[in-house]
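Structural overview for review
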Amino acid sequence: MATFAKPENALKRAEELVNVGQKQAALQALHDLITSKRYRAWQKSLERIMFKYVELCVDMRKGRFAKDGLIQYRIICQQVNVSSLEEVIKHFMQLSTERAEKARTQAQALEDALDVEDLEADKRPEDLMLSYVSGEKGKDRSDRELVTPWFKFLWETYRTVLEILRNNSKLESLYAMTAHRAFQFCKQYKRTTEFRRLCEIIRNHLANLNKYRDQRDRPDLTAPESLQLYLDTRIEQLKIATDLKLWQEAFRSVEDIHGLMSMVKKSPKPSLMVVYYAKLTDIFWVSDSYLYHAYAWLKLFTLQKSYNKNLSQKDLQLIASSVLLAALSVAPYDQKHGASHLELENEKERNLRMTSLVNFTLDPKGETKEVLSRASLLAELTNKGVMTCVSQEVKDIYHLLENEFLPLDLATRVEPLLAKISKLGGKLSSASSVPEVQLSKYNPALEKLTTLRVLQQISQVYQSIKIESLLKMIPFFDFSVTEKISVDAVKYNFLAMKVDHLKGAVLFGNVDIESEKLSDHLSILADSLSKAKNLISPPIRKASKLGIGYDLAEIVDKEHKRLLARKSIIEKRKEEHERQMLEMERQEESKRLKLQKVTEEAEQKRLAEEYILREQQRIRREIEERELQEAQAMLLETQKGAKKKGKKPLLEGEKVTKQTLIEMALSEQLKERQELEKKLQKLAKTMDYMERAKREEEAQLIEQAFQQRLVEEKLLHEREQLKEIELSRQHHAGDLQEKNRLARMLECKEIFQHKVVIRRETEHNQLKKERDDKINQIVTMRKRDREIKRKLLYYLKSEEDRMTRQQEEEEARKREEEERRKKEDAERKAKLDAIAERQRQREKELEEKERLRREALRKPTEPLPQPTDPASAPEPARVVAAEAAAPASAAPATGRYVPRFIREKSEGQRAAAAASPEPDRWGRKDDRPPQSGGDKWTSENRRPSFGGSRNSSSSSWSRTRS
């Protein structure tokens, strides 16, 4: 480790090493300088050294060195010049980005080069195998080696910078900027894995901030500026997550944003809340949470209507239509029917979690009553004026599906409206947070709702209906889809129906005459019958009843107007209260800013004083060190032999001097802190007195203004009430005149009605006759088709029987042939076994004869034994030959000399006799010609030679069989 007197010397040395190509040595030299405890005071030369250091780290892709150096530099300049650290980090990120972009431009196939699942993973096994097997590297591999390492280094750079800036309150803006650049990196190159890791890193940083609240430079999340930076970062994270279709990560980002908003009581900016609710609508739609999707749309509509002054009427109409269609897309039945207690508890926790995200207050102690529901949502849409802003098509479909009872033609009326709604939508010009609204995505949900309404209304009218008729009423789906929808409705107790596929009919459950399902229809029927009765036979006391009705209508009208006026008064009071609250918040914000400004000025002053104090202490320490060195030199001159004897008191004196200086500095800081606390207490007391006096003076003036406002509003209310009464009287008089004028046309109306009924009856009879003719034709055609089908089936059956018989005959013939073949094989095998047995007997006899002959040759003087077995008796020719040879062979046994030629002659005769053919076992000589060496039953080795052993194993039955 090299030591340098000044930091500039280390920079010069590093530049010299770089010029000669030793970048690693230059980087190590600068790293040793930065991590050395000798240079802890910040100076301008250290900033230039850090610039050179990060350039070398980027050139050599040394991310670990860069992280160590930046951490050490943060320690050096944290309290003195934090802007220098900010400049170094910006330079580091700029260099990394430029080198990554340069590598990207050099690669020709970017998609192939960046086809890596994880930037932090090592090389894949197949890449390593390919690099060892193939000598030349292909273009794709060269691109991968060129581009991927730089993108890995850029990703490591973002992680390093975020780790360094995570708990620094003075560099919050740089932390937010780095997070935004990292998000854009993930979005531009579709890095989903790195995006998840980045979100987890930022989430852990925020959790550590909340966990360790006693850190020195910890960011204060209660401050509006810090909270706004963190919220902007989370909003950007939410946008990128939805763009990358990472819905789970988007939901976690929404929870992060909600957690930040709940930490501070003050609500964020409306622009951020608009983006928040816009992304919530997408998340809830993807997760099929249609109820919370509709509530998010309602919040978005309220924010746009309240705070977006540039919102056009067309855009407002599209947003309101989306709100209403989202509410209609919610299932009209409760999906908790039949659920277990554990499922209900889990659903309750999920509802609390979801409602907190959409900023809707839900009572956690509620047992069965549910605040978030489809009915309450539709009622809230009416109360907040959403119905007045929607388009006419959406309003018509709402009235058809929610208020009308049309079981036969409901779907036919809804279908053209759905076609019109699918064409609505487009880009919003005045709402940047919601770039585009397409109403066509609600068509499947509306078609399902229409199907449910048709089934519900039909179940209240019919007990059974044909499937064909039901399909005509529901043109959206096939019967399989309709059946699936009805199964869910029956499961959750919305319908009571069964499907009989055998009869081709749908059976609905029995509905009691006093049930809730028929109570509304019976009341409607009673009203219609009473109106028809009044038209046919008007009541006798018409005038008195009209008078009573008029009085009741007037009273109801007055009460309704009174309630409307009261509602307007309450709304005005609410607006006034909100305005006052906003004014108070604005005043508190201005006071807080002033106090913060005073605090910052005091902090700057304190830092300046501390800097002056440190300079004084440094000068004093240098003077003391110089004095100690002079004293030590004098002591060395006086005591030449013992140099260390005079060091101890000097070192002890040095320690005492430093402790004294430290105590003096601490006492000075304590005095300044006490004086500052006294000033702050005095200032706070003065501000409390001023605020109390101001509020005491304001109380009387506010009460007087309130009483005067009450008098004015009372007069205005009475004047408006008199005006409404006069208008009501005028309207009633005009209605009476109009009724008298139209009473003359009643007779003509009845004549016209009679004509229309007769014409329609004629048309009905004609259509009935045509239908009967058509049915007769269809019956005749079906009879003819059945006859043709029956004949065809008979022909096919007869052909099948014939083919079956042929197949059975063929199988019987094959079985007979197989049995005959097996019988022949058995007979042939028996013959072969008999022949083999005979051959074995013959070989055995030959071996016995050979044995006897050998014994006769070894003992020529002894007579041959007579065999006891007649089958093994010697043949006559062989016995004669033995007797003829006996005298010749017996000669040497007497001790008489026999010449050599006589012995050879007698031996030749014996050999000829042995080689002569033997008669077979039946007493006849074998006069067959000798076979060549390919005989099946005999072998050449069976013919014995004189004095040699016979090889009896050269041929066998087993070898012949094989």
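Notes on the structure in this doc start here. (Residues numbered from 1 in each chain as written. Predicted model: local features only at pLDDT ≥ 70, side-chain atom pairs only at ≥ 80, totals over all residues. Heavy atoms only, no water.)

**Details of the packing of helix 14 (residues 290-307) against helix 15 (residues 313-328)**
- For the pair helix 14 and helix 15, interaxial distance at closest approach is 8 Å and the crossing angle is 155°. Taken together, the axis directions place helix 14 and helix 15 in an arrangement best described as roughly antiparallel. The chirality of how helix 14 crosses helix 15 is left-handed. Taking contact as the criterion, the partners of Tyr290, His293, Ala294, Trp297, Leu298, Phe301, Gln304 and Lys305 in helix 14 are, on helix 15, Leu316, Ile319, Ala320, Ser322, Val323, Ala326 and Ala327.
- Residue composition of the contact of helix 14 with helix 15, grouped by class: 11 nonpolar, three polar and one charged. (Axes fitted to C-alpha atoms, helices over the stretch in contact; angles between N-to-C directions. Helix = DSSP H or I, 4+ residues; strand = E, 2+ residues; numbered from the N terminus. Parallel < 35°, antiparallel > 145°, perpendicular 65-115°, else oblique. Left-handed = near helix turned anticlockwise from the far one by under 90°. Contact = heavy atoms within 4.5 Å. Nonpolar A, V, L, I, M, F, W, Y, C, P; charged D, E, K, R; others polar.)

**Re the packing of helix 18 (residues 392-402) against helix 19 (residues 410-423)**
- Closest axis-to-axis distance for the helix 18/helix 19 pair is 10 Å, and the angle between their directions is 155°. Viewed along their axes, helix 18 and helix 19 adopt a mutual orientation that is roughly antiparallel. Handedness of the helix 18/helix 19 crossing: left-handed. For the pair helix 18 and helix 19, contact is made by Glu393, Val394, Asp396, Ile397, Leu400 and Leu401 and by Leu410, Arg413, Val414, Leu417, Leu418, Lys420 and Ile421, respectively.
- When the residues that make up the contact of helix 18 with helix 19 are grouped by side-chain class, the tally is nine nonpolar, no polar and four charged.

**Some points on the sheet that holds strand 5 (residues 505-508)**
- Strand order in this open sheet of three strands is 3-5-4, and the pairing throughout is antiparallel. Looking along the sheet, the strands with just one partner apiece sit at the ends: strand 3 (464-466) and strand 4 (497-500). Adjacent strand axes in the sheet meet at a mean angle of 20° when their direction is disregarded.
- Judged from the three bridges that link them, strand 3 and strand 5 form a sheet pairing that is antiparallel. Considered in strand 5, the bridge of Lys466 is made with Ala505. (Pairing = 2+ DSSP bridges.)

**Overview of the packing of aromatic side chains**
- Enumeration over the complete set of coordinates arrives at 15 aromatic pairs.
- Centroid distance Tyr333 to Phe494: 5.5 Å. Interplanar angle 45°. Geometry classified as tilted. Of this pair, Tyr333 sits in the loop between helix 15 and helix 16 (341-357) while Phe494 sits in the loop between helix 22 (479-491) and strand 4, and the two are 161 residues apart along the sequence. Comparing Tyr333 with Phe494 shows no difference in burial state: the two are buried.
- Of the aromatic side chains, those joined through ring pairs into one cluster are Phe151, Tyr158, Phe185 and Tyr189.
- When the ring centre of Trp150 is taken as reference, the NZ or CZ atom of Arg61 above it lies at 5.0 Å.
- Over the face of the ring belonging to Trp285 we find Lys441, whose NZ or CZ atom lies 5.2 Å from the ring centre. (Phe/Tyr/Trp six-rings, centres within 6.5 Å; stacked < 30°, edge-to-face > 60°. Buried < 20%, exposed > 50% of the residue type's maximum accessible area, 1.4 Å probe, protein only. Lys NZ or Arg CZ within 6 Å of the ring centre and 35° of its normal.)

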